[in-house]
Amino acid sequence: MQVDSLARSIFEKGFAMVALLFFAPFFLSIAMLIWLTEGGPVFFGHKRVGRNGKTFNCLKFRTMALDAEEQLQKLLDRDPEARAQWEANQKLDDDPRITCIGEFFRKTSLDELPQFWNVLKGEMAIVGPRPIVASEMHHYGDHIAEYLSVKPGITGAWQVNGRSKTTYDERVQMDVEYVHTRTFKKDLAIIAKTVKVMLLGDGAK
């Protein structure tokens, strides 16, 4: 187990460093597109819950309007259906906050490239449960200990098995199963499958 953990740690740091260098031209292009079309900050850091309950700023390219939080609250206040959907899955089928160019970045998962920096800082893993906000912890119920026992990942079982096509309960089940059965070999298989999912844009929203 220690050998597996050491191999994963070395691999993740090396993978993140290579990825940041490889995607550097994409970083510049995406940043320029956001700045030219939307203005304002290019990156967005959102407080997420990491291993052992420690919070960190999960980095993304900004895909939402600058007043996204205000827009969300107004929508939830006036639309009971949208509120029910948000409370159930923390997602909206028709999210008015997402910018036109942001929708493309989300579909292709390009908005998540900055999270390789979170991996280098030791806040995230390449593979693991997706990082959640504090208000989502109740969805895990008795299984929150499993989530908190590992670092959240850039990709994971949920991302390669439907993503937005699944319910939150199904997502929790996938995360719990991953934690109990995780191996370095399984992580490599998930990474390989992630590339396919990104190219097809399958389940992304």
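Look above for the structure.
Residues numbered from 1 in each chain as written. Predicted model: local features only at pLDDT ≥ 70, side-chain atom pairs only at ≥ 80, totals over all residues. Heavy atoms only, no water.

**Student:** Describe in detail the pairing of strand E1 (residues 43-49), supporting the description with residues and values.
**Tutor:** For E1 and strand E2 (residues 55-61), the ladder comprises seven bridges, and the chain directions are antiparallel. Opposite Lys 47, over in E2, you have Asn 57 as the bridge partner. (Pairing = 2+ DSSP bridges. Helix = DSSP H or I, 4+ residues; strand = E, 2+ residues; numbered from the N terminus.)

**Student:** Give me the lowdown on the packing of helix H8 (residues 168-181) against helix H9 (residues 184-200), citing residues and values where you can.
**Tutor:** Across the interface, H8 lies against H9 with an axial gap of 9 Å and an inter-helix angle of 140°. On the basis of their axis angle, the class for H8 and H9 is oblique. Here Glu 177, Tyr 178 and Thr 181 of H8 lie close against H9, whose contacting residues are Lys 186, Asp 187 and Ile 190. Of the residues contributing to the contact of H8 with H9, the split by class is two nonpolar, one polar and three charged. (Axes fitted to C-alpha atoms, helices over the stretch in contact; angles between N-to-C directions. Parallel < 35°, antiparallel > 145°, perpendicular 65-115°, else oblique. Contact = heavy atoms within 4.5 Å. Nonpolar A, V, L, I, M, F, W, Y, C, P; charged D, E, K, R; others polar.)

**Student:** Describe the environment of Leu 6, with residues and values.
**Tutor:** Structurally, Leu 6 can be placed in helix H1 (residues 2-22). Note on Leu 6: relative accessible area 52%, which makes it exposed. Taking the C-alpha atoms as reference points, Leu 6 and Ser 149, separated by 143 residues in sequence, lie 16 Å from one another. (Buried < 20%, exposed > 50% of the residue type's maximum accessible area, 1.4 Å probe, protein only.)

**Student:** Which residues make up unusual backbone geometry, and what are the values?
**Tutor:** Even without glycine at this site, Asn 52 takes up a positive phi of about 60°. Considering the arrangement of structural elements, one finds Asn 52 in the loop between E1 and E2. Asn 52 sits in the exposed class, given a relative accessible area of 66%. Its identity is not glycine, yet Ser 109 carries a phi of approximately 65°, on the positive side. Positionally, Ser 109 belongs in the loop between helix H5 (100-108) and helix H6 (115-120).

**Student:** I'd like a description of the side chain of Asp 187, backed by residues and values.
**Tutor:** Take Asp 187: it is sitting in helix H9. Taking the relative accessible area as the measure of exposure, Asp 187 reaches 3% and is therefore buried. With residues up to four places along the chain from it excluded, the contact list for Asp 187 reads Arg 8, Val 127 and Tyr 178.

**Student:** Can you tell me about the pattern of salt bridges, naming the residues and giving the values?
**Tutor:** In total, this model carries six salt bridges according to the counting rule given. Among the ionic pairs, Glu 87 bridges to Arg 83, the shortest N-O distance being 3.5 Å. In this pair, Glu 87 and Arg 83 are both assigned in helix H4 (residues 80-89), four residues apart and thus about one turn of the helix distant. Ionic pairing is found between Arg 130 and Glu 112, a salt bridge with its closest N-O pair at 3.5 Å. Here the residue Arg 130 occupies a position in the loop between strand E3 (125-127) and helix H7 (144-148), and Glu 112 occupies one in the loop between H5 and H6, the gap between them amounting to 18 residues. With respect to burial, Arg 130 and Glu 112 carry one shared label: buried. (Salt bridge = Lys/Arg side-chain N within 4 Å of Asp/Glu carboxyl O.)

**Student:** Would you mind going over a nonpolar patch on the surface in detail, with residue names and values included?
**Tutor:** Taken together, the side chains of Leu 28, Met 32, Trp 35 and Leu 36 present a nonpolar region at the surface, about 470 Å² in accessible area. Tracing the chain through its elements places Met 32 in helix H2 (residues 24-37). (Patch = residues over 30% accessible without salt bridge, like charges linked within 9 Å, V, L, I, M, F, W, Y side chains within 5 Å. Areas by Shrake-Rupley, 256 points an atom, 1.4 Å probe, with all protein chains shown as cover.)

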